[in-house]
Amino acid sequence: MTAPRPEVDISRVMAELDALAKRSDAPSPAVTRVLYTDTDLAGRALIKELCADAGLSVREDPIGNTFARWDGLEPDLPPVGTGSHIDAIPHSGRYDGTVGVLGALEAIRALKRAGFRPSRPIELVMFTSEEPTRFGIGCLGSRALAGAITASYLASLRDRDGRDFDEIRRAAGFQGELSDVRLPEGAYTAFVELHIEQGPHLERDGIPIGIVTAIAAPAALRVTLTGEGGHAGAVLMRGRKDALCAAAEAVLLVETIASNSGSPDTVGTTGVCRVHPGAINSIPERVTLEIDIRDIDLVRRNCTLDTIRGAIEAMAQRRQIAAHVECLNSDPPASTSVIVVEAIRAACGELGLRSLPMISRAYHDSLFMSRVAPTGMIFIPCKEGISHRPEEYSEPEAIARGIEVLAMTVARLSGTEDHAQGAGDGTR
Ligand SMILES: [Zn+2]
């Protein structure tokens, strides 16, 4: 027996995406939803309400990772997890992450409507802060769940205003011990994340579903360059120690080194530049840069990191500027699980949808969930590959196809229909 084909109510999903996009600190169509702000809490409240309406039991951990469970026929078995994030970087779009949360909810609702009864529970997971906006580190929630960061590391985090993580999360209403966040061994049978591609391939090739086989390895550096400030008029050019001029060289070094790694899979971006004191008539005394480096090959990625670090230090020495280079994170790439990939492929087969194996160059919570459980990702096309911008767009039809595949995949992984043993009575 196979799971009945789920009927996805896409107009409801689009309305819910719209309602979530209205919880934003930027004017429409832009979306800004930063961790633990009132807007983030309003977004979370909406999701929790929708989950409760769907009959799911909702709980939160001490940092706000949120779990909404549909109990199976065997509620003591580890659940099949599915989900993503709803935080949004400043001035971004409405589909990144949110499609994987509201899509997971609709997948569960569609399976319920179709009369499906899972054996293992199916659990929607909404991860805290996939985006690094507030604390400079991405996938905060899934990292902590996977034990990739410790409770003491979490407690040591400060946001840009110098407020500490513990104070902010408690003020946002999340209590309990940080040491309780880590998931126990075997907490999930499998994990699947639905996400927009954030790249152009699926749309360009006219393929509705991407099946992720590997997730690129991200790393991030924070570089603080400290020179000498002074009056922009009174201090002559000779002998200046302008931190922003050094930073400009550093940005170009990142571009050059990443471009010359020998592989198009190496990418380097300086996305943050903070200038102190930041006045037109004042020589920049201190500049902080945040640099993102990724690759699908760990050795080459690390080599790029080392080369950039060395080149920035040498440049700073030449300019007599102090350079402090801090590694914010340096994660290995992840392979997705054959079991989950096969389940997604089988779902595509049953639905008659073409699929493309692909590498995720963006990182996702799945990068860390893959340390906890067999993990896979389903990609859907997005317009021109645009993401992290207000123009981000995925067609309702594309989202509906993704939700159908997700529903069939979690149904398969939840184990009621055991093809291998031919069990067809809804029990195991
Ligand atoms: Zn995302």
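Description of helix H10 (residues 338-351)
- For H10, spanning 14 residues, the distance from its first C-alpha to its last is 20 Å, which sits close to the expected 20 Å at 1.5 Å a residue.
- Along its buried surface, H10 packs onto strand S7 (190-196), strand S8 (209-215), strand S16 (355-360), strand S17 (375-380) and helix H12 (396-414).
- Two to three positions downstream of the cap, the backbone nitrogen of isoleucine 339 sits 3.1 Å from a side-chain oxygen, assigning the N-cap of H10 to serine 337.
- Downstream of H10 by a residue or two, glycine 352 has a phi angle that is positive, lying close to 70°.

Structural notes on the pattern of salt bridges
- Tallied over the entire structure, the rule returns 31 salt bridges.
- A salt bridge links arginine 222 to glutamate 290; its shortest N-O distance comes to 2.9 Å. Separated by 68 residues along the polypeptide, arginine 222 in strand S9 (residues 217-226) and glutamate 290 in strand S13 (residues 286-295) bring together distant segments of the chain. By the burial criterion, arginine 222 is buried, and glutamate 290 matches it.

Thoughts on the environment of glycine 162
- Within the element layout of this structure, glycine 162 appears in the loop between helix H5 (151-156) and helix H6 (165-171).
- For glycine 162, a relative accessible area of 45% translates into the label partly exposed.
- As a C-alpha pair, glycine 162 and phenylalanine 135 span 27 residues in sequence and 9.9 Å in three-dimensional space.

Observations regarding the environment of arginine 300
- Here arginine 300 lies in helix H9 (residues 298-318).
- Residues arginine 300 and leucine 221, 79 residues apart in the sequence, show an inter-C-alpha distance of 16 Å.
- The residues touching arginine 300, leaving out its near neighbours within four places in the chain, are Ser261, Ser263, Asp265, Thr266 and Asp295.

Some thoughts on the sheet that holds S13
- Pairing is antiparallel across the open sheet formed by 4 strands, whose spatial order is S11-S13-S9-S14. The sheet terminates laterally at strand S11 (267-276) and strand S14 (322-330), the two strands that pair on one side only. In this sheet, neighbouring strand axes are inclined to one another by 15° on average, regardless of whether the strands run parallel or antiparallel.
- Note: S11 against S13, 9 bridges, orientation antiparallel. The partner of cysteine 273 across the bridge, within S13, is leucine 289.
- Along the sheet face, H9 touches S9, S13 and S14 and points at about 5° away from the line of S9.

Some points on helix H3 (residues 98-113)
- Here H3 is 16 residues long and its end C-alpha atoms lie 22 Å apart, about the 22 Å a rise of 1.5 Å per residue gives.
- Counting buried positions along H3 yields 14 of 16 residues, so the element is predominantly enclosed.
- Backbone geometry just downstream of H3 places glycine 115 in the positive-phi region, at approximately 85°.

Things to note about the packing of helix H1 (residues 10-21) against H3
- For the pair H1 and H3, interaxial distance at closest approach is 10 Å and the crossing angle is 145°. For the crossing formed where H1 meets H3, the hand is right-handed. Contact residues: H1 offers Arg12, Val13, Glu16, Leu17 and Leu20, while H3 offers Thr98, Val99, Leu102, Glu106, Arg109 and Arg113.
- Grouping the amino acids of the contact of H1 with H3 by side-chain chemistry returns 5 nonpolar, 1 polar and 5 charged.

Thoughts on the coordination of the zinc ion
- Taken together, the protein donors to the zinc ion comprise His85 (NE2), Asp96 (OD) and His195 (NE2), at separations of 1.9 to 2.2 Å.
- Each donor residue of the zinc ion belongs to the same chain, with the gaps between them written as H-x10-D-x98-H. With a gap of 110 residues between them, histidine 85 in strand S4 (residues 80-85) and histidine 195 in strand S7 connect regions that are remote in the sequence. Side by side, histidine 85 and histidine 195 carry an identical accessibility label, which is buried.

Focus: the packing of aromatic side chains
- Applying the stated criterion across every chain yields a total of 6 aromatic pairs.
- Arranged with centres 5.6 Å apart and planes meeting at 70°, the rings of phenylalanine 127 and phenylalanine 191 form a pair that is edge-to-face. Of the two residues, phenylalanine 127 is situated in strand S6 (residues 122-127) and phenylalanine 191 in strand S7; the sequence distance between them amounts to 64 residues.
- Of the residues examined, phenylalanine 127 reaches a relative accessible area of 3% and is grouped as buried.
- Relative to phenylalanine 165, the ring of phenylalanine 135 lies with its centre 5.3 Å away and its plane at 70°, an arrangement referred to as edge-to-face. With phenylalanine 135 in the loop between S6 and helix H4 (140-146) and phenylalanine 165 in helix H6, the pair connects residues that are 30 residues apart, well separated along the chain.
- Looking at phenylalanine 135, the relative accessible area reads 6%, which means it is buried.
- The class of phenylalanine 165 is buried, set by a relative accessible area of 0%.
- Every member of this aromatic cluster is reached through a ring pair, and the members are Tyr36, Phe135, Phe165 and Phe174.

Each value, and the rule that gives it
Residues numbered from 1 in each chain as written. Predicted model: local features only at pLDDT ≥ 70, side-chain atom pairs only at ≥ 80, totals over all residues. Heavy atoms only, no water. Helix = DSSP H or I, 4+ residues; strand = E, 2+ residues; numbered from the N terminus. Expected span 1.5 Å × (residues − 1). Contact = heavy atoms within 4.5 Å. Polar contact = N/O pair within 3.5 Å; in protein donor to acceptor, adjacent residues only side chain to side chain. Salt bridge = Lys/Arg side-chain N within 4 Å of Asp/Glu carboxyl O. Buried < 20%, exposed > 50% of the residue type's maximum accessible area, 1.4 Å probe, protein only. Pairing = 2+ DSSP bridges. Axes fitted to C-alpha atoms, helices over the stretch in contact; angles between N-to-C directions. Left-handed = near helix turned anticlockwise from the far one by under 90°. Nonpolar A, V, L, I, M, F, W, Y, C, P; charged D, E, K, R; others polar. Donors = N, O, S within 2.8 Å, 3.2 Å for Na, K, Ca; no water. Phe/Tyr/Trp six-rings, centres within 6.5 Å; stacked < 30°, edge-to-face > 60°.

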